[in-house]
Amino acid sequence: MPQTRIDHCFQTLAKADKTAFIAFITAGDPDIETSYQLLMGLVEAGVDIIELGMPFSDPMADGIAIQNASKRALKAGMTLAKTLDLVRRFRQHDSQTPIVLMGYYNPIYQYGVSPFLTDAQSAGVDGLIIVDLPPEEDEEVCLPALKTGLNFIHLVAPTTHDKRLPLVLANTSGFIYYVSMTGITGADAPPENLVAEGVARVKTHTNLPIVVGFGIKTPEQMRRFARFADGVVVGSALVETISHTLDETGQATDATLSQTLALARSMAQALNE
Amino acid sequence: MSHSFTAEPDEKGRFGIFGGRFVAETLMPLILEVEQAYKQAKQDADFQAELLDLQKHYVGRPSPLYFAERLTAKLGGAKIYFKRDELNHTGAHKINNCLGQILLAKRMGKTRIIAETGAGQHGVAVATVAARFGLPCKIFMGAKDIERQKPNVFRMRLLGAEICPVTAGAGTLKDAMNEALRDWVTHVENTFYIIGTVAGPHPYPAMVRDFQSVIGLETKTQIMEQEGRLPDILIACIGGGSNAIGLFYPFLDDRTIRLIGVEAGGLGLDTQDHAASLAGGKPGILHGNRTYLLQDSDGQILEGHSISAGLDYPGIGPEHAWLKETGRVEYVTASDDEALEAFQFCTHLEGIMPALEPAHALAHVIKLAPQLKADQLLVMNMCGRGDKDIFAVAQHLQMEID
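Everything in this summary refers to the structure shown in the same document. (Residues numbered from 1 in each chain as written. Chains lettered and ligands numbered in written order. Predicted model: local features only at pLDDT ≥ 70, side-chain atom pairs only at ≥ 80, totals over all residues. Heavy atoms only, no water.)

1. Here we look at the overall build of chain B
When you go through chain B residue by residue, the secondary structure sums to 16 helices and 14 strands. Taken over the C-alpha trace, chain B has a radius of gyration of 19 Å; the compact-globule value for 402 residues is 21 Å, and the two agree within 12%. Oriented by its inertia axes, the alpha-carbon framework of chain B measures out at about 55 × 50 × 45 Å. Each of the 402 residues in chain B was classed as buried or not, and the buried ones make up 65%. Put simply, of all contacts in chain B between residues at least 6 apart along the chain, 74% involve residues at least 24 apart. Across chain B, the 39 positively charged side chains and the 49 negatively charged ones have centroids separated by 3 Å. (Helix = DSSP H or I, 4+ residues; strand = E, 2+ residues; numbered from the N terminus. Rg over C-alpha atoms; globule rule 2.2 N^0.38 Å. Buried < 20%, exposed > 50% of the residue type's maximum accessible area, 1.4 Å probe, protein only. Contact = heavy atoms within 4.5 Å. Lys, Arg positive; Asp, Glu negative; His and termini not counted. Charge placed at Lys NZ, Arg CZ, Asp CG, Glu CD.)

Printed below as a string of structure tokens:
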């Protein structure tokens, strides 16, 4: 398949010997306008790739922080169509920063896989992470996505043993998302040497960049994970900052943008040191 | 049609387009292990012998097939039989499945059990087998369900289970299942998840069906003994659909037998307050499988409503979704009020207090039986007893329990 923004991004970072900072927020959290401002601000703060959560009522792989983010977004009227609108709007001002949509299969299934892929591609989406689509179900979205020119990123977990890795890697493109532990988003990441071992194991099977996510919350942690990963994902920590800065009715305050982006900035700096 | 209805699922766990394995990668290797282990256990004479022995001496199987004489006379139509699975140890059909799964957990060397529960019947059955086999167990239960199923919550505690209240979403069965899946992904090495119904990722729908099929197999033998022929109609209630598939499965290829599943119509299908996934939902993906789901146009899952906490799941087992589309099984609904009436009717007339779940099946029997001829045989699965529901029923009937 042709080069995507994701491929290009990792190539550029590799030349500069840098680790990618991948920031996750949920589309529409706490409202559509604020999440648009956050997207723009995150890039300015030094984020290399945006992972944009597609809100779902039943986020089975997520901890309480991202569950609540989904809930806030849905309450604010977010839908999959509006998530694509948000990407479209972002793309009018930013033609470079890769956007990966992350979420669960059902909203896509209701939208219709084929129209979704077409619309996502034309909106400016670069890749997809669908948590509840393991390689056994690749014909559902993964294979059609590759045909449309979108990267499909499979998760690799500590439980993905060596015999299984080739199957998981077979149709993966863009990068590999290595899940730091057996658990849900927002739980504590295990000691980095364990994660480093896991990443090294996967590296013997692929040349794709390997990104580590789940449980990474501080600039200090990011610095340590950057020693062995090609990219580091931060989600729950940013989303929790959003949550803490809302007023008592759940609306965004001035602090929502400033504090969330300040955290992102300190994380980007940690990776650049 | 020459195709057998008992040949599904395929190797990918599909019943037609339904079923499958829609789970996170972290769980996938374990799911495949469960599938392998179950495949072997199914062929293993020792495993089957141990299960059979426990079914007989621990659960009290076979459960009787009872001719409901007074109900039959009152309704004045078909001859009505109850398959008395409410007489099982723990008071419902749920134990059939739990025994099978805990034997498999043991075989796989798992040391910790988790489960979700709605009405608490499955939770009680899991807590029971966990006690029997000396394994710690954690039961996830919606906070709202804990409130409306207090007797079962207390039973589980007495049995040594840890109850984990779930406040996410509406605090009912679907949310409990989400939380159980989150626990499983976190403790994937040592934990076995005993799913309570014919849903979830493959192999669960097929495995739970197999363990529940004892209901239909016994019914077949018993009706032959009592009537010398197979029944004309089988009726069972459906939440996830485990008791119904357990009764129907051995009869699927007896094409002349009418099979009827009764979903929870709640306050009515024209309202949002029902749990009839087949009648009011459409295909989607949740909890590891593709099936009919109650959902909005954006694919967000809606909360089911039913007077019965065991039926208010917004999905249904994938095999039922497939049996609906193939037309082999008819699916109808009964409302909260109809179930409540059937509950009282049966209790007065037969001295059998049904759980609110089979009271839905009974509500349909009450509608259908009078239209049938006296020589027609109807079997209804009395899949649970109503002791757990007396508080809820009292509240609905505005009676006081002192």
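2. A short note on the interface of chain B and chain A
On the chain A side, the residues contacting the 39 residues of chain B number 38 residues. Here chain B meets chain A over a buried area of about 2,900 Å², counting both sides, of which 49% is carbon and sulfur. At the boundary of chain B with chain A, the tally comes to six salt bridges. The residue Glu140(A) makes a salt bridge to Arg14(B) at a minimum N-O spacing of 3.0 Å. (Buried area = accessible area lost by both parts, 1.4 Å probe. Salt bridge = Lys/Arg side-chain N within 4 Å of Asp/Glu carboxyl O.)

3. What about a nonpolar patch on the surface?
There is a patch of nonpolar side chains on the surface, built from Ile390(B), Phe391(B) and Ile401(B) and spanning about 260 Å² of accessible area. Tracing the backbone through its elements, the reader meets Ile390(B) in helix 16 (residues 390–396). (Patch = residues over 30% accessible without salt bridge, like charges linked within 9 Å, V, L, I, M, F, W, Y side chains within 5 Å. Areas by Shrake-Rupley, 256 points an atom, 1.4 Å probe, with all protein chains shown as cover.)

4. Quick notes on the sheet that holds strand 3 (residues 65–67) of chain B
All names here are of chain B. The six strands are arranged 3-4-14-9-10-13 in an open sheet whose pairing can be described as mixed. Where the open sheet ends on each side, the last strands, each with one partner, are strand 3 and strand 13 (330–335). Pairs of neighbouring strands in the sheet enclose a mean axial angle of 30°, with direction left out of account. Judged from the five bridges that link them, strand 4 (residues 79–83) and strand 14 (residues 377–381) form a sheet pairing that is parallel. Its bridge partner being in strand 14, Lys83 is matched across the sheet by Asn381. (Pairing = 2+ DSSP bridges. Axes fitted to C-alpha atoms, helices over the stretch in contact; angles between N-to-C directions.)

5. Some thoughts on the pairing of strand 6 (residues 137–142) of chain B
Residues and elements named next belong to chain B. When you tally the buried positions in strand 6, you get six out of six residues, the bulk of the element. Here strand 6 shows two buried faces, one formed by Cys137, Ile139 and Met141 and the other by Lys138, Phe140 and Gly142. Bridge count between strand 5 (residues 112–117) and strand 6: five bridges; the pairing is parallel. Paired with Glu116 across the strands is Phe140, a residue of strand 6. You can see the chain leave strand 5, run along helix 5 (residues 121–133) and come back into strand 6, and the turn it takes is right-handed. (Right-handed = clockwise from strand over helix to strand, strands pointing away.)

6. As for the pattern of salt bridges
For the structure on display, the rule yields 44 salt bridges over all chains. For Arg164(A), the salt bridge identified is with Glu136(A), shortest N-O distance 2.7 Å. With Arg164(A) in the loop between strand 6 (155–156) and helix 8 (165–170) and Glu136(A) in the loop between strand 4 (127–130) and helix 7 (142–148), the pair connects residues that are 28 residues apart, well separated along the chain. Across the pair, Glu136(A) and Arg164(A) agree in class, each one buried. Close ionic contact of Glu357(B) with Lys388(B) constitutes a salt bridge, the shortest N to O distance being 2.9 Å. Taken as a pair, Glu357(B) in helix 15 (residues 356–368) and Lys388(B) in the loop between strand 14 and helix 16 lie far apart in primary sequence, 31 residues in all. There is no split in this pair, since Glu357(B) and Lys388(B) are both buried.

7. Details of the side chain of Asn178(B)
With respect to the element layout, Asn178(B) can be found in helix 8 (residues 173–186). Residue class for Asn178(B) comes out buried when judged on its relative accessible area of 3%. Polar contacts involving the side chain of Asn178(B) include one to the side chain of His287(B), which spans 2.7 Å. When neighbours within four sequence positions are excluded, Asn178(B) is seen to be in contact with Asp58(A), Met60(A) and His287(B). (Polar contact = N/O pair within 3.5 Å; in protein donor to acceptor, adjacent residues only side chain to side chain.)

8. A closer look at the side chain of Lys83(B)
Relative to the helices and strands, Lys83(B) resides in strand 4. Setting aside anything within four residues of it in sequence, one finds Lys83(B) in contact with Arg61(B), Ser63(B), Pro64(B), Leu65(B), Ile215(B), Glu218(B), Thr219(B), Gln222(B), Val379(B), Met380(B), Asn381(B) and Met382(B).

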